[in-house]
Amino acid sequence: MASTFRSLLQDTAVYGLSSMLGRFLNWMLTFVYVRVLLEQEMGQMTHLYAWTAVLLILLTYGMETTFFRFASKHDEPERVLGSTLWTLGISSSAFVLLGILTSETVAPLLGQPDAPELVMMLVGIVALDAFTAIPLGYLRYQRRPWWFMTVRMSFILLTISLTLGVFYGLPLLEATFPSIFAGWYRPEHHLHYILGINLLGNLVQLGLLLPTIAQGRGGLDTKLLRPMLSYAWPILLLGLVGTLTNQADKLLLPHLFDDRLEADRLLGIYGASYKLAVIMVLFTQAFRYAYDPFVFAKSRDSDEAARRAYADAMKYYLITALVIMLAVMAYLDVIKLLIPESYYSGLVVVPYIMVGQLMFGLYSNLSIWFKLTDQTHWGAILSCIGCLLTVGVIYFLTPVIGFEACAYASVVANGAMMILSYLLGRRYYPVPYELPRMGLYAAITLGSLILLALIRRYTPDLLWVRLPLGTLILLPLLLTLLRLEVHVPALKRAVHKLLRR
């Protein structure tokens, strides 16, 4: 039994490492893009990749999760693999063909009227992502985490290498050997380079997965496909609503201004500032990655112990998120050096984005009640409410206050889902959350954030004053956490001694 849990822990660590490391490295690429792209190009790239996220949900139509479900209960999982690959292969090929045929029509809608080839590359990227999701899933089903990590990291490292080579290597070669490399680097093709590199990386990933794809047996089994599609469509709906909620700001913003180039510029500034807050996004995603297995593992314990564990998880998530948010805001003057000064007007959205992500993480904590009581329809209802609120706030406020509305929408939508989930959870599955203590930590953080805002307002050019004061403002929260949460006797004695001084 111990070896089984050890193996499970090791697999989870490898999958989590590859996922989070990949996200982190892609995040770092942003700070290459903001230095070589114009603000409007940054906005156009942000808009295009928002569409890839939505299209990927549509093109996988819940089949990745469905594959796990049916492979685990089928006598011949290779036949489930084969049938799923055929299904996604046909739909992905049809999508590519449709994209090629309609590229001239679709390109203006995506803000690229003179570059239909970008649409072709985009549909190729999405189609390959959708198709390779199944062999990647089969590696997880086979419990081959190290090969899974090798495939994913190969894609990521190739993307990084080619990006650095194109945007820094080619200009250097052109300047050093103009007679040979003149004209190789064309700044007007920045988006072509980015999408082309992504497409090439996907093709390499597909090549690495060919041995796994070859393990599929049989053709398209329509008898098997019918129940799989029936199982998949609710997953498609939930995934689509969730993705639209997360991407609504990047999808809608360019269409809410008369001047498309100005809208793209604003989206580029917003997108770069969003990336500065991404540490909260990454933490929330990492937490969600680990939380579902934790929930269902604890559900096997006694009811009282399980509920206590869920309450502790909520508290420690909040503590970590508050420390991250306060630290980012305290040292924002340093962190902002990652982006050029032309993007600084977007820094105003950073705290709101982090608050929105924190609320989404709290909602993920609170959502255990509908998972454990098999009332997942509530998840769909709350997701739809969040999506409608997001779209509504962005649509009505963006023309009035600009891209700040996108950040406010995250707070409003995630805050509403969080509150509604808490109220419903009290009825269906009450958990003894430590609300007074959590409220104290949130109040200290809020007060600290207000002080930081006042310091930035009244010392705009005094960095040597702002950084030390920012560090001091972290202390009340940290000392309170040490006093109330740290239970190591020696450390507590040291803290008490320090406080007495």
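Above this text is the structure in question.
What this report covers is the structure whose coordinates are included nearby. (Residues numbered from 1 in each chain as written. Predicted model: local features only at pLDDT ≥ 70, side-chain atom pairs only at ≥ 80, totals over all residues. Heavy atoms only, no water.)

## As for the overall build of the chain
Thinking step 1. From N to C terminus, the chain includes 20 helices and 0 strands.
Thinking step 2. For the chain, the residues scored as buried account for 48% of the 501 residues in total.
Thinking step 3. If you sum the accessible surface of the chain, you get close to 24300 Å²; carbon and sulfur atoms cover 67% of it. (Helix = DSSP H or I, 4+ residues; strand = E, 2+ residues; numbered from the N terminus. Buried < 20%, exposed > 50% of the residue type's maximum accessible area, 1.4 Å probe, protein only. Areas by Shrake-Rupley, 256 points an atom, 1.4 Å probe, with all protein chains shown as cover.)

## Structural notes on empty space enclosed by the protein
Thinking step 1. Going through the model one piece at a time under the given rule, you end up with 1 cavity of 30 Å³ or more.
Thinking step 2. Within this model, the largest cavity holds a volume of roughly 50 Å³.
Thinking step 3. Lining the largest cavity are Met329, Ala330, Tyr331, Leu332, Asp333, Leu452, Ile455, Arg456, Arg466 and Gly470.
Thinking step 4. Elements with a minimum of two residues in the lining of the largest cavity: helix H12 (303-330), helix H13 (332-335), helix H18 (435-458) and helix H19 (463-485).
Thinking step 5. The element that contributes the greatest number of residues to the lining of the largest cavity is H18, accounting for 3 residues.
Thinking step 6. Of the residues belonging to the lining of the largest cavity, the class tally is 6 nonpolar, 1 polar and 3 charged. (1 Å grid on protein atoms, 1.4 Å probe; cavity = no way out; pocket = protein on both sides within 12 Å on 5 of 7 lines; lining within 4 Å. Points joined across faces, edges and corners; volume = space filled by probe spheres on them. Nonpolar A, V, L, I, M, F, W, Y, C, P; charged D, E, K, R; others polar.)

## Quick notes on the layout of surface pockets
Thinking step 1. Estimated volume of the second largest pocket: approximately 450 Å³.
Thinking step 2. Lining of the second largest pocket is provided by 19 residues; of these, Leu318, Leu358, Leu362, Met418 and Ala442 occupy positions nearest its centre.
Thinking step 3. Counting only elements with at least two residues in the lining of the second largest pocket, the list comes to H12, helix H14 (350-366), helix H17 (404-428) and H18.
Thinking step 4. At 7 residues, the largest contribution of residues to the lining of the second largest pocket is made by H18.
Thinking step 5. Here the lining of the second largest pocket is built from residues that sort into 17 nonpolar, 2 polar and no charged.

## What about helix H4 (residues 77-109)?
In an α-helix there are 3.6 residues to a turn, and that puts residues three or four apart on one side.
Thinking step 1. With 33 residues, H4 should reach 48 Å at 1.5 Å per residue; the first-to-last C-alpha distance of 42 Å falls well below that figure.
Thinking step 2. Its axis deflected by about 75° at Ser103, H4 carries its strongest bend there.
Thinking step 3. Gly111, located one to two residues past H4, shows a positive phi value of around 80°. (Expected span 1.5 Å × (residues − 1). Bend = angle between axes of the 7 residues up to and from the residue.)

## Observations regarding the pattern of salt bridges
Thinking step 1. Counting across every chain of the model gives 10 salt bridges.
Thinking step 2. Lys315 is the partner of Glu434 in a salt bridge, and the nearest nitrogen-oxygen pair spans 3.2 Å. Of the two residues, Glu434 is situated in the loop between H17 and H18 and Lys315 in helix H12; the sequence distance between them amounts to 119 residues.
Thinking step 3. Lys315 gets classed as buried once you look at its relative accessible area, which sits at 4%. (Salt bridge = Lys/Arg side-chain N within 4 Å of Asp/Glu carboxyl O.)

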